[in-house]
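Each chain, written out:
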Amino acid sequence: MRILMENIHKAFGANKVLEGVNFELEPGEIHALMGENGAGKSTLMNILTGLFHQDQGKITINEKETVFADSKEAEEAGLAFIRQELNIWPQMTVLENLFIGREKRNALGVLKEKEMKALANDVFKRLNISIPLNKEAGKCSVGEQQMIEIAKALMLDAEVIIMDEPTAALTDREIRMLFQIMKELTATGVSLVYISHRMEEIFEICDRITVMRDGVSVATSFIKDTSFDEIVKQMVGRELEDRYPERNPKYGQTIMEVKGLTRAGVFEDIHFSIKEGEILGISGLMGAGRTEIMRALFGIDPYDRGEIIMDGKPVSIKNPSSAAKQGLAFITEDRKDEGLVLDFSIRENIALTNLESFAPNGMVKATDEKQFVKMMVERLKVKTESQETQAGNLSGGNQQKVVIAKWVGTSPKVLIMDEPTRGIDVGAKREIYNLMNELTERGLAIIMVSSDLPEVLGMSDRILVIHEGKISGELSKEEATQEKIMTFATGGN
Amino acid sequence: MKTSKLSTIWNKFIPLLALVGLIVVVTILNPSFMDPANIMNLLRQISINGLIAFGMTFVILTGGIDLSVGSILALTSALSAGMMVAGIDPILAIVIGTLLGAVFGALNGVLIAKGKLAPFIVTLATMTIFRGLTLVYTGGKPITGLGDSYAFQLFGKGYFLGIPVPAVTMILAFIVLWFMLHKMAFGRKTYALGGNEKAALISGIKVDRVKVMIYSISGMMAGLAGMILTSRLNSAQPTAGQAYEMDAIAAVVIGGTSLAGGKGRIAGTFIGVLIIGILNNAMNLLGISSFYQQVVKGVVILIAVLLDRKRS
Amino acid sequence: MKTSKLSTIWNKFIPLLALVGLIVVVTILNPSFMDPANIMNLLRQISINGLIAFGMTFVILTGGIDLSVGSILALTSALSAGMMVAGIDPILAIVIGTLLGAVFGALNGVLIAKGKLAPFIVTLATMTIFRGLTLVYTGGKPITGLGDSYAFQLFGKGYFLGIPVPAVTMILAFIVLWFMLHKMAFGRKTYALGGNEKAALISGIKVDRVKVMIYSISGMMAGLAGMILTSRLNSAQPTAGQAYEMDAIAAVVIGGTSLAGGKGRIAGTFIGVLIIGILNNAMNLLGISSFYQQVVKGVVILIAVLLDRKRS
Amino acid sequence: SMESPFVKDDSGEKGNVKIGLSVSTLNNPFFVSLRDAIVADAEAKGYEIIVVNAQDDAATEISGIEDLIQQNVDVLLVNPTDSAAVSSAVQSANNAGIPVVTIDRSADNGEVETLITSDNVAGGEMAANFILEQLGEGAKVAEIQGIAGASATRERGEGFHNIADEQLDIVASQPADFDRTKGLTVMENTLQGKDDIQAVFAHNDEMALGALEAIKATGKDLVVIGFDGVEDALVSVDAGELTATIAQQPELMGEEAVSTVEKVLNGEELEEVIKVPLELKTK
Ligand SMILES: Nc1ncnc2c1ncn2[C@@H]1O[C@H](COP(=O)(O)OP(=O)(O)OP(=O)(O)O)[C@@H](O)[C@H]1O
Ligand SMILES: Nc1ncnc2c1ncn2[C@@H]1O[C@H](COP(=O)(O)OP(=O)(O)OP(=O)(O)O)[C@@H](O)[C@H]1O
Ligand SMILES: [Mg+2]
Ligand SMILES: [Mg+2]
């Protein structure tokens, strides 16, 4: 299928999101689409697949001008879209999820369960994954859910597959598998649009790249003719220093110790300690249980056994409120679902964790609050017109900064960051790394859970690897390599 | 992790166990509860709440609610009784009455889907409107003199193979709706809507159409219940069906369907209907003072949902 | 982005405009509506729904609902009347009655928060239970003979600076609750809970405690309304307060608060209360038949929420 | 203070007489008939009449009466939901100088010109006596009660129990909220528990007619007595299905009410209570 999008414009109300984008897709190619958060990548693809309609501009498919009335029509025409926001029905089974809206049925609308099961098994075999078809999708990890989405798209036998950050939640093993399949697909003439913030991936798998900046397509080039630095320059409009800032950690005393933390069937005998000024990276395969451990540490989920020691004193953490009192802070992996109140303004979100300090006797002191939020917004370089902007209207990177701001504002001793840069563009990533550096320099300890191996290697002072709920290895910054981490992560040693 | 599969199966049976427990207790306290005659009684009595609750199950599965069912019941009852008095064939009037229920339900559905309004407030408003229209139409007085068509009498009061016809109607409706919900694409869409409406829309499900369908089903079941009631009472009562929505909702929730939508089973609703029906029947049989009956009923609802909650 | 700010301000005024429009129409149709005496009438009439609706606003802002307010009103009314008959000082009885309302509300809150149950079903159950307890306590009969304490009479029937005392009470409650909602940390937590409960919990908010507080407030307002009603009726009626939850919810929603939680204002609720109150008052003044009144009321609720919807 | 600063001036133009009527509910055919009778008679006499409906809620009732006062009615006809609860509304009318006539139920406080009522207690007694006549002492009866707490429930029950407690055997007593559907199910369940019942007394005709459907379904032939004498019930009695009904006479009450209005306007002396006779209707 040949697709040509010319001079696409789109505004949401007064917010001009796309202002002249050109994009083309040839049969059998993998075409990368890159750009900062909020550049309009997802919006462009939503327009192509009929969810939104452009205000101006033309879409030509196989030399014919085309407008899809809705996403279903695009799907029927052979365009599959793996969306950035997972479309998962947590309470339905994996099988039901795979076929929602496109159930196999007879003329009367009666479902053909057997046929659907067979199809699902085929695609899972092809993806080399083994999620039970009758498992509730909500009980699958984010990574597994992502694989379900990929499977859904593959089952459509589409001519064009659009992947909007499919690897953000995946670990190396799944990514390898995915790339393998992408190669196979292109060999049969299927073309792919690949949106990602991970530069390595783009260079590994894509044929061409279009870079977007501020709603405009700035350049399209062949991957072999371009370079890392050039793309970054096109994206952010300036040169960027190294991807990871240099770290010169100065450790203080041990601030937190965890001993024998166990929750039956989920994680077992988790043991570690962390010093002031240190970044402890936590790596592992998807579903290894890293998030579960962090949730237990922060008092969101219970644990069966074990001890948490802060500043040398055993503490009891029953809920997030008591965790915060002990000086912990937690940036969750899912900012929309667990990090932000999307209807709240930036101010209200940042103030939420700090209400006690603005409202010592229950009354909120509005001026103190504004002052404080202003300071945080400036310090984290949140891009916004005003602190009254609704959090839901911010781009992903800026949302993440708001989540970080709300916790940094509490002056914690230990900051837990679960996938701190998931779905965030290079520029914003670098800012978050700088911030992590700045915080540790001031004596804060950071526990960073990440599935992005270069990030783990680039930022951690020490690395713990989790395999099936147990610590399978510990590596210092010096000895750590991708291979060693993967060995531990898969249970080898 | 391993226990979870076992406990999932176990969980499905919690409402059933509650039901069995209730039956055992009631039978011990008053053995005449188990009389075939009383069982038939019970089946007939629950048929109206049963029909309404089955329709309500679809609505609640989508995360909605239908407060107007009682008023739809009264309005369709009045309209079909009016038709009968005007000389229309009673069976035809029953069919029209049931379909009118679907039409009123569709009106709810259109307001909710196209107006993008909360189901609670829409059906709260139509509850008032339909009730008002019923009172206007009947002038506040029952409509009687519906003739003595045998078929019509049979519909509410007759027996088929020894089972009360309303109960047979309810069971048939259950089978049809169960099939729609669990074996047809429409049922999948119902669950999808309740589980994640935005995603359903993005997945190309015609969300509005499904909603209109679902509220039509709810209205239609209320209309059908209205027809049974008309036959049972041999008249149309302008005040019929008041607060019926509450019993229906309670039955759905006791049966394990989540008010947040996306999760639940119509078979559970059937059990919920039986639990509430048995409770009402048994408290009468046991001669429990009516004041305490309310307290007991409330407490049983609470216990049922608490048990249900424990399982997750 | 720029227009949106303007339209946000505009939007806040939609319920207010609806109110003004209604007042103009009514006054044209029957100028005696604007009589100071009638305005005072009106204020007194809306005070009970006002108090309940203010409390309900908190509940709905968290995405919950409280169906038990009418029953709490009846139960506290009966209990405090019982106290007065037993010779307790009427003012003390009023204070205790109001606090008992908070206690019953807290019970709802604990069941919802600790039991992790849906507010709808919990308050549906307690609605039945509290009503049953009221009937048990009163034996189904009104409680009379409350003595003739002047202060007590004043509470429901008196005037303060020419304004009916119940209206003064309502306005005071409004000011206190407005302050709590918009100027205190507690209010912020209420919104946060409704906007994203998970995020609120993870932000260290004691979600359970806030919920208990919120249902206590709702119960307390119902209790206070019950005290006013007791004084106005000079007796406690076991059947008082039936279906009051519906008017309160309608007022909250007409005032622009979303049933999904997280969005809305208590000032809007005040406007909603006025709209419903004026509607009831005006339809009586205009001599509209009570059957049609229901139809009109339902239609007005629909129009109000449709208008409100248009603004987003 | 207890006084409103905004006193209504009732010096308004005389001539056209305006009556305000507050009915307790229109969800019951008896009260619908009562309203119809009053409205018809009043209009026949050339009075203007405004009706408000309390929907069985005391607070709504007070609001409605206040709204009537606001409209400068010359006489208030009030059919209270409850005699205690209506008092403050009656007092408001007194303050505005509007004469009040209560119908069916009285007001505990406030000045009332007169009460027009059928004697519910006597009606309950009539029902019990009728069963005694039909079946003799010790007959097994079931009582189907109205809405718990409603005055009609209390008074009719009281009259019935006055006689029945001593001379009959009350085997079941359950409320069916004056509702025909509930009358039906309550009767079904009661018959299930106790199949030796000989007679049924229902606090109104609606419930009696519902109970009758349940009894017909079992093929039994019991003595069933209703209360009110609504059209349906009278038809049923004539058809030999319902054994009897203690008929109130809404038409007569309506007529009485309107002529009382006339007397009040003329300043005539009135008796404290005007009793409208109840009538035992049998085939
Ligand atoms: N439905 C919508 N209504 C209003 N604004 C929207 C809507 N969808 C997207 N936007 C805005 O459009 C802009 C572009 O968003 P888009 O999701 O296309 O960015 P993106 O390039 O995919 O970014 P990311 O890398 O963070 O996914 C953002 O400013 C976003 O806030
Ligand atoms: N809500 C849930 N109910 C049951 N099991 C769950 C739930 N969420 C996650 N799990 C399971 O718990 C295990 C650990 O998941 P967790 O999210 O902690 O993994 P992770 O290492 O953080 O990986 P990810 O990269 O996917 O976040 C997985 O096997 C997952 O399937
Ligand atoms: Mg995007
Ligand atoms: Mg994780």
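Criteria and cut-off values
Residues numbered from 1 in each chain as written. Chains lettered and ligands numbered in written order. Predicted model: local features only at pLDDT ≥ 70, side-chain atom pairs only at ≥ 80, totals over all residues. Heavy atoms only, no water. Least-squares fit on C-alpha atoms with pLDDT ≥ 70 in both. Contact = heavy atoms within 4.5 Å. Pairing = 2+ DSSP bridges. Helix = DSSP H or I, 4+ residues; strand = E, 2+ residues; numbered from the N terminus. Axes fitted to C-alpha atoms, helices over the stretch in contact; angles between N-to-C directions. Expected span 1.5 Å × (residues − 1). Buried < 20%, exposed > 50% of the residue type's maximum accessible area, 1.4 Å probe, protein only. Donors = N, O, S within 2.8 Å, 3.2 Å for Na, K, Ca; no water. Buried area = accessible area lost by both parts, 1.4 Å probe. Salt bridge = Lys/Arg side-chain N within 4 Å of Asp/Glu carboxyl O. Polar contact = N/O pair within 3.5 Å; in protein donor to acceptor, adjacent residues only side chain to side chain. Domains from an automatic or database assignment. Near = heavy atom within 4 Å. Areas by Shrake-Rupley, 256 points an atom, 1.4 Å probe, with all protein chains shown as cover. Phe/Tyr/Trp six-rings, centres within 6.5 Å; stacked < 30°, edge-to-face > 60°. Lys NZ or Arg CZ within 6 Å of the ring centre and 35° of its normal. Nonpolar A, V, L, I, M, F, W, Y, C, P; charged D, E, K, R; others polar.

### Thoughts on the relation of the copies chain C and chain B
Two copies of one chain are present, and they are related through a rotation about an axis combined with an axial shift. Turning chain C through 180 degrees and shifting it by 0.1 Å along the axis lays it on chain B, with an RMSD of 0.1 Å. Both copies of the chain, as the preceding transformation shows, are related through a two-fold rotation axis. Of every C-alpha in chain C, the one belonging to C:Ala243 sits nearest the axis of rotation, 4.8 Å from it. Taken together, the interface assignments show that 100% of the residues at the interface of chain C recur at the interface of chain B, consistent with an identical surface on both copies.

### So, the sheet that holds strand 13 (residues 279-284) of chain A
Residues and elements named next belong to chain A. Reading across from one edge, 16-17-18-13-19-20 is the order of the six strands in this open sheet, with mixed pairing throughout. Single-partner strands in this sheet number two, and they are strand 16 (328-331) and strand 20 (470-476). Taken pair by pair, the neighbouring strands of this sheet meet at an average axis angle of 20 degrees, ignoring direction. Taken together, the five bridges between strand 17 (residues 414-418) and strand 18 (residues 445-449) define a ladder with parallel strand orientation.

### A few points about helix 4 (residues 69-85) of chain C
All names here are of chain C. In a regular helix each residue adds 1.5 Å, so 17 residues correspond to 24 Å; helix 4 covers 24 Å between its end C-alpha atoms and thus fits that length. With 16 of 17 residues buried, helix 4 is to be regarded as a mostly interior element. One or two steps after helix 4, the chain reaches Gly 87, where phi turns positive at roughly 100 degrees.

### A short note on the coordination of the magnesium ion (ligand 3)
The protein atoms that coordinate the magnesium ion (ligand 3) are A:Ser42 (OG) and A:Gln84 (OE1), at distances spanning 1.9 to 2.1 Å. Here A:Ser42 is found in helix 1 (residues 41-48), whereas its partner A:Gln84 is found in the loop between strand 6 (79-82) and helix 3 (94-98), with 42 residues between them in sequence.

### Considerations on the interface of chain D and chain B
Tallying the contact residues gives 23 residues for chain D and 33 residues for chain B. Buried surface at the junction of chain D and chain B, summed over both partners, amounts to about 2,300 Å²; 44% is from carbon and sulfur atoms. If you look at where chain D meets chain B, you find four salt bridges. The closest approach of N and O atoms between D:Glu213 and B:Lys157, which form a salt bridge, is 3.1 Å. Summed over the shared surface of chain D and chain B, the result is twelve residue pairs in polar contact (both at pLDDT 80 or more). Elements that contribute at least two residues to the side of chain D that touches chain B include exactly helix 1 (29-44), strand 7 (169-175), helix 6 (180-193) and helix 7 (205-218) of chain D.

### Comments concerning the coordination of the magnesium ion (ligand 4)
Think of it this way: four donors in a tetrahedron around the metal ideally sit 109.5 degrees apart, and six in an octahedron ideally sit 90 or 180 degrees apart. Note on the magnesium ion (ligand 4): its protein donors are A:Thr291 (OG1) and A:Glu333 (OE). The metal-donor distances range over 1.9 to 2.6 Å. Of this pair, A:Thr291 sits in helix 9 (residues 290-297) while A:Glu333 sits in the loop between strand 16 and helix 11 (335-339), and the two are 42 residues apart along the sequence.

### Considering the domain arrangement of chain A
Residues and elements named next belong to chain A. Under the domain assignment used here, chain A contains domain 1 (3-241) and domain 2 (242-247 + 276-288 + 317-489). Both sides together, the interface formed by domain 1 and domain 2 hides about 2,200 Å², and carbon and sulfur atoms give 56% of it. Between the two partners, domain 1 and domain 2, sit two salt bridges. At the surface where domain 1 touches domain 2, the tally comes to zero residue pairs in polar contact (both at pLDDT 80 or more). At the level of elements, helix 5 (142-155), helix 6 (172-187), helix 7 (199-205) and helix 8 (228-236) are the ones that each hand at least two residues to the side of domain 1 that touches domain 2.

### Describing the sheet that holds strand 6 (residues 140-145) of chain D
The strands making up a sheet associate through hydrogen bonds between their backbones, and the pairing can be parallel or antiparallel. Residues and elements named next belong to chain D. In spatial order, the strands read 7-6-8-9-10-12; together these six strands make up an open sheet with mixed pairing. A single partner strand is all that each edge strand has here, and the edge strands are strand 7 and strand 12 (279-282). Ignoring strand direction, the axes of neighbouring strands in this sheet form an average angle of 20 degrees. Across four bridges, strand 9 (residues 223-228) lies against strand 10 (residues 244-247) in parallel orientation.

### Some points on the site of ligand 1
All names here are of chain A. Neighbouring ligand 1 are 16 residues; Asn 37, Lys 41, Ser 42, Thr 43 and Gln 84 lie closest to it. Ala 39 is positioned such that a nitrogen or oxygen atom in its backbone is 3.3 Å from an oxygen atom of ligand 1. Thr 43 is positioned such that a nitrogen or oxygen atom in its side chain is 2.5 Å from an oxygen atom of ligand 1. Burial of ligand 1 by the protein amounts to 73% of the accessible area it has alone, namely 630 Å².

### Looking at the environment of A:Arg442
Structurally, the position occupied by A:Arg442 is in the loop between helix 16 (426-441) and strand 18. Between the alpha carbons of A:Arg442 and A:Gly277 there is a distance of 6.9 Å; along the sequence they are 165 residues apart.

### Quick look at the packing of aromatic side chains
As enumerated under the stated definition, the model contains 19 aromatic pairs over all chains in all. An aromatic cluster is defined as three or more aromatic residues linked by ring pairs; in this entry it consists of A:Phe298, A:Phe330 and A:Trp407. Directly above the aromatic system of A:Phe222 lies the positively charged group of A:Lys224, at a separation of 4.7 Å from the ring centroid. The positively charged end of D:Arg156 is found above the aromatic ring belonging to D:Phe227, 4.0 Å away from the centroid.

### Some thoughts on the interface of chain C and chain B
Every contact between the two is made by 38 residues of chain C and, on the other side, 38 residues of chain B. Summed over both sides, the interface between chain C and chain B buries roughly 3,400 Å², with carbon and sulfur atoms accounting for 88% of that surface. Taken together, the connections running from chain C to chain B amount to zero residue pairs in polar contact (both at pLDDT 80 or more). When residues of the side of chain C that touches chain B are traced back to their parent elements, those giving at least two are helix 6 (119-138), helix 12 (244-254) and helix 14 (290-310) of chain C. A total of 13 residues in the side of chain C that touches chain B trace back to one element, the largest contributor, which is helix 6 of chain C. In terms of residue class, the side of chain C that touches chain B is built from 28 nonpolar, seven polar and three charged.

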